[in-house]
Amino acid sequence: MTLLFLMAFAMPIAFSVWLALLNNFVVEAAQFDGADIGLLHAIREIPGFLAVGVIVVIMFVREQVLGLISLIMLGFATALTAQFPQMGGILMLTFISSVGFHYYETVNQSLQLQWLKKAEAPQMLGWLLAAGSTATFLVYFVIMVLWEPWGLTYNTVYMVGGGLTVAIAMFAVLAYPQFESPTPQLKTFVLRRRYWLYYALQFMSGARRQIFMIFAGFMMVEKFGFEVHELTALYLINLVVNILVAPLLGGIVARYGERKALAFEYSGLVLVFLAYGGVYFFGWGLIVAATLYVVDHIFFGLALALKTYFQKIADPRDIAPTAAVAFTINHIAAVGLPVPLGLLWLASPGAVFLLAAGMAATSLILALLIPRHPSPGLETRLRGPNPTPAE
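Since we're looking at a predicted model, the values are computed, not measured.

### Let's talk about the overall build of the protein chain
Per the secondary structure count, the protein chain includes 15 helices and zero strands. A compact globule built from 391 residues would reach a C-alpha radius of gyration of about 21 Å, and the protein chain, at 20 Å, matches this within 12%. With respect to the principal axes defined by its C-alpha atoms, the protein chain has extents near 60 × 50 × 35 Å. Considering the protein chain as a whole, with its 391 residues, one finds that 57% of them fall into the buried category. Taking the intrachain contacts of the protein chain between residues at least 6 apart in sequence as the baseline, contacts between residues at least 24 apart amount to 88%. When the accessible surface of the protein chain is split by element, carbon and sulfur atoms take 72% of a total near 15400 Å².

Dropping the structure here:
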């Protein structure tokens, strides 16, 4: 459990430094526009699309070791980001850091679902989310407070943030034993018919998440002229809310079930994305946009219900290979959407957010198919012959 918390704390240090500075760095260093930022995120998501390769890697490397190696890769690439301020260098290091990030996330999700008991998983996932939010909070707070007074540079912050993640991962490699999984994992490609609803929800999650990840922060810089410390202050407010709310979200999932939790999340996201569109179509101002950004993150926190839904319906042996397959499915849209969305952004930024509202509505319809008490053989509310556990 301590190792899970340490890993949950280490990853956001490098990733949050990269994300906090990204929009300002690419605009100032390489004069990125909407199409360029779309290309960057398309390349960033390619390793996520290839996350199914984790199945091959874990034939030779334990999941725990792979997760820590991936953290080291993420930290190392983040540390070097400002050393290559041209388009090619930014894209290259983004790809390397993304391999580390996505392989870590795939393995981390697998280990969480293997090591946590079903009864405690929603609450513990909420606390793990809070731990990650705390690390991100500390990163954003330091950037916001010290950026101007200390005259910090992109290179300094990238080097320190990436270096800390590498140091924590190296400590975890040396300090912790190799833990055994309660159930030996299948090390083959697993794609089961009875998991179809989980796959569909993962696909829509990837499509919807891309719009927020790419364009919500970019909007604050392009439309409202946010500087590094101002954008970081917004992230900071967001993190304070998440630290307080994340453990409560786990309790909500445990009490009300995955269907109600996800339905509430997706209903809220429909309204949020419609309101984002209103910022462009009706000229709603900075306060509205900033408020939506914070509310958006709160709703996304309920996505932990998707993990616990799968934990309840899965064969325990399927967790590792299905985590890899699900990450690949999640990133099908993530690879294909950023470039066309970047071009659509040039024509109509508001239309991008309306598209996201439609994706959230589709997710809502799918979430309503989740049973109140999902289990193997009761994966959806649809009637008909149920697939066997091996299908």
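Moving on, there is more to tell.
### Notes on a nonpolar patch on the surface
A contiguous nonpolar patch, built from L271, L274, F281, F282, W284, V288 and L354 and spanning about 700 Å² of accessible area, is present on the exposed surface. For the nonpolar patch, the element with the most residues is helix α9 (residues 228-281), which contributes three residues. Residue position: L354 is located in helix α15 (residues 349-367). Judged by relative accessible area, L354 falls into the partly exposed class, the value being 40%.

### Focus: the nonpolar core
By size, the foremost hydrophobic cluster in this structure holds 126 residues, and its most contacted members are F215, F273 and Y276. Here F215 is in contact with I37, Q210, L341, G342, W345, V352 and F353, once residues within four sequence places are set aside.

### Considerations on unusual backbone geometry
A positive phi angle, near 55°, is found at Q31, a position not held by glycine. Counting through the fold element by element, Q31 comes out in the loop between α1 (2-30) and α2 (34-49).

### So, the packing of aromatic side chains
The full count for this structure, using the stated rule, is 16 aromatic pairs. Between Y195 and F310 the ring centres are 5.3 Å apart and the planes differ by 80°, which places this aromatic pair in the edge-to-face class. Of the two residues, Y195 sits in the loop between α7 (154-175) and α8 (196-222) while F310 sits in helix α11 (residues 304-313), which places them 115 residues apart along the sequence. In this structure Y195 comes out as buried when scored by relative accessible area, which is 0%. A relative accessible area of 1% means that F310 is categorised as buried.

### Focus on helix α14 (residues 338-347)
What α14 keeps buried is the set P338, L341, G342 and W345. An end-on view of α14 places all buried positions within 105° of arc, on one side of the element. For α14, the exposed residues lying more than 90 degrees away from the buried face are L343, L346 and A347.

### Thoughts on the pattern of salt bridges
Side-chain pairs of opposite charge can arise whenever the charged atoms involved come near each other. Per the counting criterion, the structure on display carries five salt bridges. Between R194 and E379 there is a salt bridge whose closest N-O contact spans 2.7 Å. Of this pair, R194 sits in the loop between α7 and α8 while E379 sits in the segment after α15, and the two are 185 residues apart along the sequence. Residue classification places R194 among the buried positions, given a relative accessible area of 3%. Taking the shortest distance from any N to any O, the salt bridge between K312 and E258 comes out at 3.1 Å. A residue pair is termed long-range when its members are at least 10 positions apart, and K312 in helix α11 and E258 in helix α9 qualify at 54 residues. Taking relative accessible area as the criterion, K312 reaches 24% and is therefore assigned partly exposed.

### What to know about the packing of α8 against α11
Relative orientation and spacing of two packed helices are given, respectively, by the angle between their axes and the distance between those axes. Two elements in contact, α8 and α11, have axes whose closest approach is 10 Å; the angle formed by their N-to-C orientations is 160°. Judged by the angle between their axes, α8 and α11 are roughly antiparallel. Crossing hand, α8 versus α11: left-handed. Contacts between α8 and α11 involve L197, Y198, L201 and Q202 from the first element and L306, Y309 and F310 from the second. Along the lines of polarity and charge, the residues of the contact of α8 with α11 split into six nonpolar, one polar and no charged.

### Examining the confidence of the model for the protein chain
Confidence in the prediction for the protein chain averages 86 pLDDT; 97% of positions are at 70 or higher. Put simply, helix α13 (residues 332-336) is where the protein chain has its lowest mean pLDDT, 74, and helix α4 (residues 63-79) is where it has its highest, 96.

### Re a negative patch on the surface
Residues E28, E148, E227 and E230 make up a contiguous surface patch of negative charge. Note that E28 resides in helix α1. Taking relative accessible area as the criterion, E28 reaches 51% and is therefore assigned exposed.

Rules used in this analysis
- Residues numbered from 1 in each chain as written.
- Predicted model: local features only at pLDDT ≥ 70, side-chain atom pairs only at ≥ 80, totals over all residues.
- Heavy atoms only, no water.
- Helix = DSSP H or I, 4+ residues; strand = E, 2+ residues; numbered from the N terminus.
- Rg over C-alpha atoms; globule rule 2.2 N^0.38 Å.
- Buried < 20%, exposed > 50% of the residue type's maximum accessible area, 1.4 Å probe, protein only.
- Contact = heavy atoms within 4.5 Å.
- Areas by Shrake-Rupley, 256 points an atom, 1.4 Å probe, with all protein chains shown as cover.
- Patch = residues over 30% accessible without salt bridge, like charges linked within 9 Å, V, L, I, M, F, W, Y side chains within 5 Å.
- Salt bridge = Lys/Arg side-chain N within 4 Å of Asp/Glu carboxyl O.
- Core = buried A, V, L, I, M, F, W, Y, C linked by side-chain atoms within 4.5 Å.
- Phe/Tyr/Trp six-rings, centres within 6.5 Å; stacked < 30°, edge-to-face > 60°.
- Arc of directions from axis to C-beta.
- Axes fitted to C-alpha atoms, helices over the stretch in contact; angles between N-to-C directions.
- Parallel < 35°, antiparallel > 145°, perpendicular 65-115°, else oblique.
- Left-handed = near helix turned anticlockwise from the far one by under 90°.
- Nonpolar A, V, L, I, M, F, W, Y, C, P; charged D, E, K, R; others polar.
- pLDDT = per-residue confidence, 0-100.
- Lys, Arg positive; Asp, Glu negative; His and termini not counted.
- Charge placed at Lys NZ, Arg CZ, Asp CG, Glu CD.

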